[in-house]
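Topology and contacts: notes
Chain by chain, the residues run as shown.
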Amino acid sequence: MMEEVQDVTSALSVHGHNIKVMDVLKDGDTLTFVIVSQKVSGTGEYHVDRTYDDVEWLQQHLFSQEDVPGLHGVIFPPIPAKPQVNVTAKGMKQLGFLGLGEWQPYCKALETFLRQVASHDLLKKTKAVEIFLTSSDPPGRQKVKKNIFNWLSQAMDEMRKEGHKDVDEFFQAQRDQNLVMTGCTKNATERFLEVVLTEQKIAVACGHFSAALHLCVEAGEDPVKQAFSRICVRLSEVLESMKKNMMSVAENNVSTLGLGLDLESRYQEAEKEMLFRRTCKLVELETARRNAEKAKPVKKAAMEEVKKAAESEFDHISRVAKQEIAQFESDRVRMLQQALVGWCEQQLLTAKESADQFDRYLQAFRGMA
């Protein structure tokens, strides 16, 4: 077992922008991800094996840096949902695009999460990030300190704060915009997922139709039966080609725009959580001010100190939050642009290949006339 994790460290010993999730290994219901990071020194690479428990360990350490000023203002890179070996209907609803394919989409999403953490100016200084990316020991076996944010209980106990009006017009506008964007992005992601699932069903149907046509092939000397059999074989080839084309279209959708929408949706939720944390701190500040105003002389000085501390903390959180929002807006435009451009490029390439294939089949049918 590794030593207790300290709060911060010096610069990472790996290139944060070049982290790769190379493979996923299955052992029963346990999934292990092979993560490769290039050393900053240029002398080689770190290869580590990590489970989802290890990823949660990292996330919880990022949350629990109690002495980092302004941490509540950080939009934490969103962790992908927990992977499943045999995805159920409920699991599919949670995973969405990350539950499709042979784990490539999930590995890509996990890779993106790690790159964002390791490239974040504040988060990359956490000792846990260095340990996660470089240590040969599995960090997830360590006992993690209690998460100071405690998302679920906080949401249950302080939901009333969510509608609390903000004193800053910038943040109130951001909260209103986030509310709309979160719903729209989630809806777009779900609708696009339905498109992909339909494309996969069409591909399967084409495969069944292609196989069924072979049942119509008959042996014998009858010229009519021979001609009909040739047509069935050729049509079977066309449908098999249609199956491959539709699968390519679906895979392109998942690997480009699908992952882009999934990341956008998770990031909108991450921004929502940050804005809620700030709102909670605003309520705490207002409570501290009221307590200071109503305090009796014997407690006045102490309440004033509490108020000043709350004001200082809230101001720091707000400064960090504004920087995070500006960076988030820039990054989300870039990420969605990359997803859309990649989507168009891949689908154009697939369409061209399919058109060439179908043209060859058309010429073959004309030759049979």
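One structure accompanies this document, and this report is about it. Every value quoted in this text rests on a predicted model; they were computed, and no experiment measured them. (Residues numbered from 1 in each chain as written. Predicted model: local features only at pLDDT ≥ 70, side-chain atom pairs only at ≥ 80, totals over all residues. Heavy atoms only, no water.)

Quick notes on the nonpolar core
The biggest cluster of nonpolar side chains holds 39 residues, and the ones touching the most others in it are Phe33, Ile35, Leu58, Phe113, Leu114, Phe132 and Leu133. At the level of elements, β1 (20-27), β2 (30-38), α1 (52-63), α3 (104-119) and α4 (127-134) are the ones that each hand at least two residues to this core. Looking at this core element by element, the count peaks at eight residues for α3. (Core = buried A, V, L, I, M, F, W, Y, C linked by side-chain atoms within 4.5 Å. Buried < 20%, exposed > 50% of the residue type's maximum accessible area, 1.4 Å probe, protein only. Helix = DSSP H or I, 4+ residues; strand = E, 2+ residues; numbered from the N terminus.)

What about the pattern of salt bridges?
This model, assessed by the stated rule, comprises 16 salt bridges. The partner of Glu264 in a salt bridge is Arg332, with the nearest N and O atoms 2.7 Å apart. Placement of Glu264 in helix α7 (residues 223-294) and of Arg332 in helix α8 (residues 297-368) is noted, with a sequence separation of 68 residues between them. Connected through salt bridges with shared partners, the residues Lys108, Glu111 and Arg115 form a single ionic network. (Salt bridge = Lys/Arg side-chain N within 4 Å of Asp/Glu carboxyl O.)

Digging into the side chain of Ser354
With respect to the helices and strands, the residue Ser354 is situated in helix α8. A residue is classified by how much of its surface remains accessible, and Ser354, at 12% relative accessible area, is buried. Within polar-contact distance, the side chain of Ser354 engages the side chain of Asn245 at 2.4 Å. (Polar contact = N/O pair within 3.5 Å; in protein donor to acceptor, adjacent residues only side chain to side chain.)

What to know about a nonpolar patch on the surface
Together, Ile231, Leu235 and Met368 make up a nonpolar patch on the protein surface, roughly 220 Å² of accessible area in all. Among the structural elements, Leu235 can be located in helix α7. Overall, Leu235 belongs to the partly exposed group, its relative accessible area being 37%. (Patch = residues over 30% accessible without salt bridge, like charges linked within 9 Å, V, L, I, M, F, W, Y side chains within 5 Å. Areas by Shrake-Rupley, 256 points an atom, 1.4 Å probe, with all protein chains shown as cover.)

Overview of the state of the cysteines
Counted according to the given criterion, the structure contains zero disulfides. We note that Cys216 lacks a disulfide partner, and the nearest cysteine sulfur, in Cys232, lies 4.6 Å from it. (Disulfide = S-S within 2.5 Å.)

With respect to the sheet that holds strand β3 (residues 45-50)
Taken in spatial order, the three strands make up an open sheet running β1-β2-β3, and their pairing is antiparallel. The open sheet terminates on both sides in strands that have one partner only, identified here as β1 and β3. Going from strand to strand, the sheet's axes swing by 20° on average, the running direction of each strand aside. Bridge count between β2 and β3: six bridges; the pairing is antiparallel. What sits directly across from Val34, in β3, is Asp49. Helix-sheet contacts for α3 involve β1 and β2, and the interaxial angle to β1 is about 130°. (Pairing = 2+ DSSP bridges. Axes fitted to C-alpha atoms, helices over the stretch in contact; angles between N-to-C directions. Contact = heavy atoms within 4.5 Å.)

Observations concerning the packing of α7 against α8
As a packed pair, α7 and α8 sit with axes 9 Å apart at the nearest point and diverge in direction by 170°. One way to sum up the angle between α7 and α8 is to call them roughly antiparallel. (Parallel < 35°, antiparallel > 145°, perpendicular 65-115°, else oblique.)

Purely spatial values, then, with no claim about function.
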